[in-house]
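# Examination of the molecular architecture
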Amino acid sequence: MTVLFDGVASGILLFLISVGLSVTLGLMNFVNLAHGAFAMLGGYVCVVLLNRFNVPFLATLPIAMIVAALAGVVLERTLYRRLYGASHLDQVLFSIGLVFMSISTANFFFGDHQQPLHLPPMLKGQFHLAGADIGAYRLFLIVVGLALAVALQWLVAGTKFGASLRAAVDNPRAARGLGIDVDRVFVATFALGTALAALGGALGIEMLGLDPEFPITYIVYFLIVVAVGGSGNIKGSLIASLILGICDVEGKYYVPQIGAFVIYLVMVATLIVRPQGLFGRSATK
Amino acid sequence: MSLTFDNTRSRRAANWHTAEYGFWMLPIVAYFVFPENLALLSQIAITALFAVSLDLILGYAGIVSLGHAAFFGVGAYAAGLLAQAGWGDPILGLACAGVVAGLVGWITSFLVLRGTDLTRLMVTMGVASMLYVSANKLTGITGGLDGMQGVDMKPLFGQFAFDLYGKTAYIYCVAVLFILFWLARRIVHSPFGLSLQGIRQNVFRMPALGTPVNARLIAVYTLGAVYAGIAGGLLTQTTQFVSIDVLSFSRSAELLLILVLGGTGSLYGGILGAAIFMTMHNYLSDIDPQYWQFWLGLLLIFVVLFARGGIMGALRTVAKRLA
Amino acid sequence: MRLKNCLAGLAMAATFTGAASAAEPVKIGLVLALTGPFAAYGKQIEHGVELYLKTNGDVFGGRKVELVVKDDSPGTAGDVSKRLAQELVVKDKVDILAGFTLTPSAFAVAPIATEAKKPMIVMNAATSAITTKSPYIVRTSMTLPQNTAPIASWAAKNNIKKAFILVADYGPGYDAEGQFKKTFEAAGGEIVGDVRAPVKNPDYGPFLERIKDAKPDAVFLFLPPGAGTIAFMKGFTERGLGKAGIRLIATGDLTDEEILDATGEDEIGMVTSFHYSEAHKSPENAAYTAAYHKAYPNDRPDFMSVAGYDGMHLIATVLQQTHGNTDADAFVAAAKGMKWISPRGPISIDPDTRDIVQDIYIRKVEKVNGKLQNVEFDHVSAVKDPGKQ
């Protein structure tokens, strides 16, 4: 039972760090491989505030999100928007360039060792419940993750902003014709995506660590979630993350020898059967 | 409007341009001008061949791959194992590498037939990752993370041993690159090659023209795998070592960068991209061993913003302006 | 700094043209992973080398020493290391090759050392077999079996009857696993579980659960120092394995000064065997750590920096003995059997294997003056590499 709980927590963590990419990739059709760099930014903001300025952990999270959102807006206005119409390959090249620069910058300012993170005592330790050992931090992640998923789904499907966003993505010209400021919608969405990345990065430090190589180390995981879940789909990302997390953890417990395989196998198998991901829209370029 | 297909343009494109003759003089010149850098130049030649292999499937057939290192690595290990087993003849090793890699490519080709760009990126990456994990597990055979040693190469044609200066290695790599490039060039200008471009541009129309789309894709993907495998074999033979890094994600990603930097769909883009990327990497790394990545990242961003279509794209624009 | 050395070296060479070759600078090609996933290691080694030159000057045996540093990122790509070594020998014309953060790097470059007849000083790569790959290789770091055997013996003598082995799924992990099993079982211990975890593994949950289920007296751990260790330690504490009476033993890689602060209190009480601790009490180490903190205030000295420092010491001493002669055979002959007191303790180079012989200490993680340290409480003298015996 504990292993199942751990799998769910692992899945939720995957969701938290990848949902931002699902938003930017799916809703804006921009292959932003620098997603990990924004996550890393969030992580470093959190660590600096926590360690140097003694800001309580929970308070660092919204600050990290705001900082990343601001960074996102600045980069979007100056660089990203020039590449909206560009080929996916150009976007890949560009975002990898950003990743390289961000790694070097992080290395320069913070050095290349792991950043220490000391959680508030409330979030540490385990307690026993229903035959399983529940880790406090993991439980916290699950609660935050689910709340976030619900909030995002409501935002996209139930608000006017969400409707404008979906309209702007499906048909920017028609959307403009209806008076929707497509530019502003895109900026807002990008800011949202980067803020989510930062949140995921900060929440993930406890389990994933934080060093300048973060964007490259974990890029594979973000992409897997988005590919399996179908991009642009909040529900899809959540379900894909859960499946991947549970399979990965259970696989490592029962058959440790094949541990690392499982996640790739699940991904390839899913994509063979449904190339657009579990919940993606049908295959069009 | 004429009802007959005027193929003069494509026939003319198939002829060798003067600039191309000039280009292929460069490796020969380089041999004499940079005798102390032959190790790096050999690596550039190998990477160029690897990039050409990716261009075949990406630039011409439109298959995006983030896992092309799978075939490179398989070829590298195949050549390594053959040499370890005592058959150290280089040409035999390359043939073996090509065949084994081609086989793996053919077997996995069905995975890239369907889906969007993202699907293909992920599936190819997944296959390469699984091969990486397997190679690590089979440490007894591959040497795992420590690498495979004991790759003893016999002299090329029984005459030319692989020396410390890298002279034999360089000539060998450039020769193989040229031969395979020439072959690839003929292929892409053939009706087969033109049909690939058609598939890339409008995959839904091609069946109406009677093109067996899937068969073509499988064929070119296998061909790309063969080329990549041979490149991997070259690496093993010239370094007498196989590291597990040949199957790594970073190798695939770097290759994609190189090709996009150089410009897809022209074969030369891969070669130029390899030359420029590796030279810049080497140069920047020497100046600033700690932070060269920063400058390389900046360079990449500049290229994307101001030189769309990569270096070949930029060259074409310049050529057009001069014409 | 490198540029300064270069210019100074050129100036020296210019003034001494026509004089005997003894006045030309000795060029040392340093091949290290300075970027990529193992950048932290390469940087420590470089610090150690530079620190030696800072505190002892750079003229030995009448010749000035010049470093040519190359980054062989990612460190696992032997072909990159080999090419860089080739360039160092052919283009930069170095006299000595040194560094080698990881085993594939050392394996790939060994044939070059042999063919070009250059001494090759290994300053980190820890696989036993490395010194056998070329007659010109001398190692100043350690080998994994050398560090593993003592903790296995210690465990058997200290009420640990059942042990669970958890190692990372790669070469060094297998080395540690093999040696621990051999020594522990020979001393009468029982292995109740043996698992290999993927090298890049963010979550040790499932493995920790397995350990909990097996109820061993102790877990022997080997993971590459870094994010993995931290994740494991956090999980270990969180799941209360320590409270359940399971002890944690490992080689000192897991309590490396680099990551000690990040793992925090979770590692207190952990017992490890290793060849260097920042808290080692000796005048040489006091001087070393003081100099290190002054030169690199944001880092802590660890075993990799000491290996770099000792490697440079070896080169300097040999140069003094041979009066600046860098001929490979003469160099290796002078290096064999050399003994000295390093910041880590007394060390020597085994004349038969050219590998390092050193004292291995049993230490415990404790808080000393507000900082976490590996406090030594026992040691085994002059341990040779058991991997070659």
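Residues numbered from 1 in each chain as written. Chains lettered and ligands numbered in written order. Predicted model: local features only at pLDDT ≥ 70, side-chain atom pairs only at ≥ 80, totals over all residues. Heavy atoms only, no water.

## What to know about the overall build of chain A
Within chain A, the secondary structure is distributed over 11 helices and two strands. Going from the N terminus to the C terminus, chain A shows its helices and strands as α-α-α-α-β-β-α-α-α-α-α-α-α. Taken against the 2.2 N^0.38 rule, which gives 19 Å for 285 residues, the C-alpha radius of gyration of chain A at 19 Å falls within 12% of a compact globule. Dimensions of chain A along its principal axes, counting C-alpha atoms only, are 60 × 45 × 35 Å. Out of the 285 residues in chain A, the part that is buried amounts to 62%. For chain A, long-range pairs separated by at least 24 residues make up 76% of all intrachain contacts whose partners lie at least 6 apart in sequence. Total accessible area on chain A stands at roughly 10,700 Å², and carbon and sulfur atoms take up 68% of it. The average position of the 16 basic charges and that of the 13 acidic charges among the side chains of chain A differ by 12 Å. (Helix = DSSP H or I, 4+ residues; strand = E, 2+ residues; numbered from the N terminus. Rg over C-alpha atoms; globule rule 2.2 N^0.38 Å. Buried < 20%, exposed > 50% of the residue type's maximum accessible area, 1.4 Å probe, protein only. Contact = heavy atoms within 4.5 Å. Areas by Shrake-Rupley, 256 points an atom, 1.4 Å probe, with all protein chains shown as cover. Lys, Arg positive; Asp, Glu negative; His and termini not counted. Charge placed at Lys NZ, Arg CZ, Asp CG, Glu CD.)

## Let's talk about the confidence of the model for chain B
Averaged over every residue, the pLDDT of chain B is 87; the share at 70 or more is 96%. The ipTM value of the predicted complex is 0.82, and its pTM value is 0.85. (pLDDT = per-residue confidence, 0-100.)

## A few points about the packing of aromatic side chains
All told, the structure shown has 41 aromatic pairs over all chains when counted by the stated rule. Through pairs of rings, three or more aromatic residues link up here, namely A:F30, A:F38, A:Y80, A:Y84, A:F94, A:F186 and A:F190. Directly above the aromatic system of B:Y165 lies the positively charged group of B:K167, at a separation of 5.4 Å from the ring centroid. C:R210 extends its terminal NZ or CZ atom over the ring of A:Y253, reaching a point 6.0 Å from the ring centre. (Phe/Tyr/Trp six-rings, centres within 6.5 Å; stacked < 30°, edge-to-face > 60°. Lys NZ or Arg CZ within 6 Å of the ring centre and 35° of its normal.)

## Structural notes on the sheet that holds strand β6 (residues 137-139) of chain C
Residues and elements named next belong to chain C. The strand order β2-β3-β1-β4-β5-β6 describes an open sheet built from six strands, whose pairing is mixed. Strands with a single pairing partner mark the edges of an open sheet, and in this sheet they are β2 (59-60) and β6. In this structure, strand β1 (residues 26-32) lies alongside strand β3 (residues 63-71), joined through seven bridges in parallel fashion. In the sheet register, V31 faces β3, and the bridge partner there is K70. Packed onto the sheet, helix α4 (residues 103-116) meets β1, β4 (96-99), β5 (120-122) and β6 and runs at close to 165° relative to β5. (Pairing = 2+ DSSP bridges. Axes fitted to C-alpha atoms, helices over the stretch in contact; angles between N-to-C directions.)

## Describing the side chain of A:E206
Along the chain, the position of A:E206 falls in helix α8 (residues 182-208). For A:E206, the side chain forms a polar contact with the side chain of C:K234, separated by 3.1 Å. In this structure A:E206 touches A:L117, A:L119, A:Y137 and C:K234, once residues within four positions along its chain are discounted. (Polar contact = N/O pair within 3.5 Å; in protein donor to acceptor, adjacent residues only side chain to side chain.)

## With respect to empty space enclosed by the protein
Rolling a probe over the atoms, with the probe sized like a water molecule, indicates the empty space that remains. All names here are of chain C. A full pass over the atoms with the stated rule returns eight cavities of 30 Å³ or more. For the second largest cavity, the calculated volume is near 280 Å³. Of all the secondary structure elements, the ones that give two or more residues to the lining of the second largest cavity are α4 and α11 (303-321). (1 Å grid on protein atoms, 1.4 Å probe; cavity = no way out; pocket = protein on both sides within 12 Å on 5 of 7 lines; lining within 4 Å. Points joined across faces, edges and corners; volume = space filled by probe spheres on them.)

## Focus on the pattern of salt bridges
Residue and element names in this part refer to chain C. What the rule picks out here adds up to 28 salt bridges over all chains. Close ionic contact of D58 with K64 constitutes a salt bridge, the shortest N to O distance being 2.6 Å. With relative accessibility at 19%, the residue D58 sits in the buried group. Overall, the relative accessible area of 13% leaves K64 in the buried class. Of the charged contacts in the structure, one is a salt bridge between K384 and D350, with a shortest N-O distance of 3.9 Å. Of the two residues, K384 sits in the segment after β15 (371-383) while D350 sits in the loop between β13 (345-349) and β14 (356-368), which places them 34 residues apart along the sequence. (Salt bridge = Lys/Arg side-chain N within 4 Å of Asp/Glu carboxyl O.)

## Things to note about the environment of B:C173
Residue and element names in this part refer to chain B. As for its position among the elements, C173 is in helix α8 (residues 167-188). Given the relative accessible area of 1%, C173 is considered buried. Separated by 89 residues in sequence, C173 and Q84 place their C-alpha atoms 21 Å apart.

## Concerning a nonpolar patch on the surface
Residues and elements named next belong to chain B. Together, M25, I28, V29, F32, V33 and F34 make up an exposed nonpolar region whose accessible area comes to about 610 Å². Positionally, V29 belongs in helix α2 (residues 18-33). For V29, a relative accessible area of 45% corresponds to the partly exposed category. (Patch = residues over 30% accessible without salt bridge, like charges linked within 9 Å, V, L, I, M, F, W, Y side chains within 5 Å.)

## A look at the interface of chain B and chain A
Contact with chain B, which involves 39 residues of that partner, is made by 41 residues of chain A. Summed over both partners, the interface of chain B with chain A buries about 3,800 Å², with 78% contributed by carbon and sulfur atoms. For chain B, the biggest contributors to the area lost against chain A are B:M122, B:M130 and B:Q293; these three give 15% of the whole. Inspection of the region where chain B meets chain A yields zero salt bridges. (Buried area = accessible area lost by both parts, 1.4 Å probe.)

## Looking at unusual backbone geometry
Residues and elements named next belong to chain C. The amide bond that connects S73 to the next residue, P74, takes the cis arrangement and shows omega of 0°. Mapped onto the elements, P74 comes out in the loop between β3 and α3 (78-90). At H323, a position not held by glycine, the phi torsion is positive, near 55°. Its location among the elements puts H323 in the loop between α11 and α12 (328-335).

## Things to note about the interface of chain C and chain B
One frequently used descriptor of interface size is the decrease in accessible area upon assembly of the parts. Facing the 36 residues of chain C at the interface are 28 residues of chain B. Regarding the contact of chain C and chain B, the summed buried area is about 3,000 Å², with carbon and sulfur atoms giving 51% of it. Contact with chain B buries surface across chain C, with C:D79, C:R83 and C:V90 losing the most and accounting together for 20% of the total. C:D169 is the salt-bridge partner of B:K137, the closest N and O atoms lying 2.6 Å from each other.

## Some words on the packing of helix α11 (residues 249-262) of chain B against helix α14 (residues 310-322) of chain B
Residues and elements named next belong to chain B. The geometry of α11 relative to α14 is characterised by a closest axis approach of 3 Å and an angle of 5° between their N-to-C directions. Relative to α14, α11 is oriented roughly parallel. Where α11 approaches α14, its residues V260, L261 and G262 are matched on the opposing element by G310, I311 and M312. Grouping the amino acids of the contact of α11 with α14 by side-chain chemistry returns four nonpolar, two polar and no charged. (Parallel < 35°, antiparallel > 145°, perpendicular 65-115°, else oblique. Nonpolar A, V, L, I, M, F, W, Y, C, P; charged D, E, K, R; others polar.)

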